[in-house]
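A closer look at the structure
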Amino acid sequence: MVLKTIPALQSDYQMQDYEKLVAEFDWKEAEKAFSWYETGKVNIAHEAVDRHAESFRKNKVALYYKDGNRNETYTFGDLKKYSNKAANVLKNCSTLEKGDRIFVFMPRSPELYFALLGALKIGAIVGPLFEAFMEGAVYDRLDDSDAKAIVTTPELVDRIPVDRLPNLETVFVVGDGVTEEGKVISFNKHFEKASKEFEVEWLERESPTLLHYTSGSTGKPKGVLHVQEAMVQQLQTAKWVLDLREEDVFWCTADPGWVTGTAYGIFGPLLAGTTNLVVGGRFSTEAWYGAVEEFGVSVWYSAPTAFRMLMGAGAAAMEGHDLSSLRHILSVGEPLNPEVVRWGMETFNMRIHDTWWMTETGAQMICNFGSMPLKPGSMGKPVPGIEAAIVDDKGNILPPNRMGNLALKKGWPAMMRAIWNNPEKYDSYFLNDEWYVSGDSAYMDEDGYFFFQGRVDDVIMTSGERVGPFEIESKLLEHPAIVEAGVIGKPDPVRGEIIKAFIALQEGVEPTDELKEEIRQFVKKELAGHAAPREIEFKDKLPKTRSGKIMRRVLKAWELDLPTGDLSTMED
Ligand code: 6R9
């Protein structure tokens, strides 16, 4: 059963005529929005902050920050001043030069944004890290990229193995009363005195900006390198997909340790001159609904795992909160289950718009736009200017409704330009020098909508049928007892593979054998006999990444007693 198509929104969405744009749009058009189009002087931090600070947006709020006792507001003028100060600190207290790698390793706080933008102003390459990383994860990333400096906090500094990182020269520690010894520099001490003037380093469109480490299923995490030109696509999608407008308050819930937290937690909205909310700390239903209300959030970008938690908390959790400021909701990172879309319609009377992209793509690629009908369960259609297709392993385009490799025509503005230190890995993404192959399995229907099926490695072959885990997981979520589900293929001598489901139940539900049977029958009746999980295992919690992705490879490794691979991004 497929939920009915939800009609396009009747409003002034920025992208109106999708088909026309697909036929006519050229990225060259989008470049005109930037000052470098006129001046030739390129720096993403200038475009995101200084350009607005020098305009009518000088006193407009750029950043609301809330965490525990801290509740702070920064205008674009403030952000220019403080990122200039940060740039001066980084420049004056280290030997950092254009192209050198600096990491930011700290919780979400205004200082993180000042430091990150300051580092971009001096032309350094910034590697953002999740604050939860332990010593091994920090070491791997700094060592692989030959980092020269890192910005961190007193709580995290002990996780940086300075003795094993001979090229790491400077450790900036953000906090009060930091003692300067060895490589440690007190960020705050120098920040207070630093000049608020700074001449940004002017760079090229192809100059690198960010180095985002992302884990594959095997081996060490790889460093995905982005360049200045990514801003073209980040701004264009902020307009078309996020539909950001002058008066919006935008909240991207992602941490900058994840690409969503930089591309859309910083750049997209700031390039568009939009007011952003940053909330520190961990997820809680109360804090999240409270933040939407307190700051009047109008556009909200989050992830299925968060929506599922809000859904699990039920209507009672919303009581007493005025969420009427919300106008547009979007999702990324994991397949957006139709059940969650249904909940969104019921709860907010709003469509939740899925967006598909990857660290490697640098910006949104396949999306549900406000101006088009939404098919629940589909990620939508390619952003105008992007060509996507389902191809076989040789690069032949497959007809509609056939499952295959989700591929993108090489050469979009935000595309990664290298895997750090690993040109072979970089080349391995491309097929016939034409297609970027995502590693995701999907199909496209006759209307051009793309449907995610799973990572290629996760696709299940059972009794000769190819089954994507996503469809089964989504069906399982429709069962009232289930909060979360992860589905894998388990090798079987007769059937090739059988379907095994790991399930987290609603609080208070008894994990009985009768319930297992009931769930099996439910899938059988509602989806297909061959899709019903032969094995079911109840778990308190499923293994997930910090960006909320269910780690099916970990479930599989546990099941089959295989090595789990890199676990540095796993949530504790
Ligand atoms: C931005 C981001 C990329 C992988 C991607 C896919 C999964 C992301 C999705 C989605 C289904 C969506 N993914 N968005 N799957 N529907 N809307 O998530 O980057 O952390 O590199 O992950 O995430 O499997 O290949 P990243």
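Everything numeric here is computed off the predicted structure, so don't read it as measured data.

1. Focus on the site of the ligand
In the neighbourhood of the ligand, 18 residues make up the surrounding shell, with Asp 354, Thr 355, Thr 359, Asp 440 and Lys 549 lying closest. Contacts to the ligand include Glu 334, whose backbone N or O atom sits 3.4 Å from a nitrogen atom. At 2.8 Å, a side-chain N or O of Lys 549 approaches an oxygen atom of the ligand. The fraction of the free accessible surface of the ligand (530 Å²) that becomes covered by protein chains is 93%. Split by residue class, the shell around the ligand holds nine nonpolar, four polar and five charged.

2. Some points on helix 12 (residues 304-313)
Extensive coverage of helix 12 is indicated by the burial of seven of its 10 residues. The complete set of buried residues in helix 12 reads Pro 304, Thr 305, Ala 306, Phe 307, Arg 308, Leu 310 and Met 311.

3. What to know about the side chain of Asp 354
Here Asp 354 shows up in strand 14 (residues 352-356). One buried charged side chain, Asp 354, makes no salt bridge at all; its nearest oppositely charged neighbour is Lys 549, positioned 10 Å away. Every residue in contact with Asp 354, bar those within four places of it in the chain, is listed here: Ser 331, Glu 334, Leu 336, Ile 366, Cys 367, Asn 368, Ser 378 and Met 379.

4. With respect to the environment of Thr 260
Residue placement: Thr 260 occurs in helix 10 (residues 259-271). Judged by its relative accessible area of 2%, Thr 260 is buried. Sequence separation between Thr 260 and Val 297 is 37 residues; the distance between their C-alpha atoms is 18 Å. Residues contacting Thr 260, with those up to four places away along its chain left out, are Cys 252, Ala 254, Gly 265, Tyr 301, Val 332 and Trp 357.

Quick notes on the rules
- Residues numbered from 1 in each chain as written.
- Predicted model: local features only at pLDDT ≥ 70, side-chain atom pairs only at ≥ 80, totals over all residues.
- Heavy atoms only, no water.
- Near = heavy atom within 4 Å.
- Polar contact = N/O pair within 3.5 Å; in protein donor to acceptor, adjacent residues only side chain to side chain.
- Areas by Shrake-Rupley, 256 points an atom, 1.4 Å probe, with all protein chains shown as cover.
- Nonpolar A, V, L, I, M, F, W, Y, C, P; charged D, E, K, R; others polar.
- Buried < 20%, exposed > 50% of the residue type's maximum accessible area, 1.4 Å probe, protein only.
- Helix = DSSP H or I, 4+ residues; strand = E, 2+ residues; numbered from the N terminus.
- Lys, Arg positive; Asp, Glu negative; His and termini not counted.
- Salt bridge = Lys/Arg side-chain N within 4 Å of Asp/Glu carboxyl O.
- Contact = heavy atoms within 4.5 Å.

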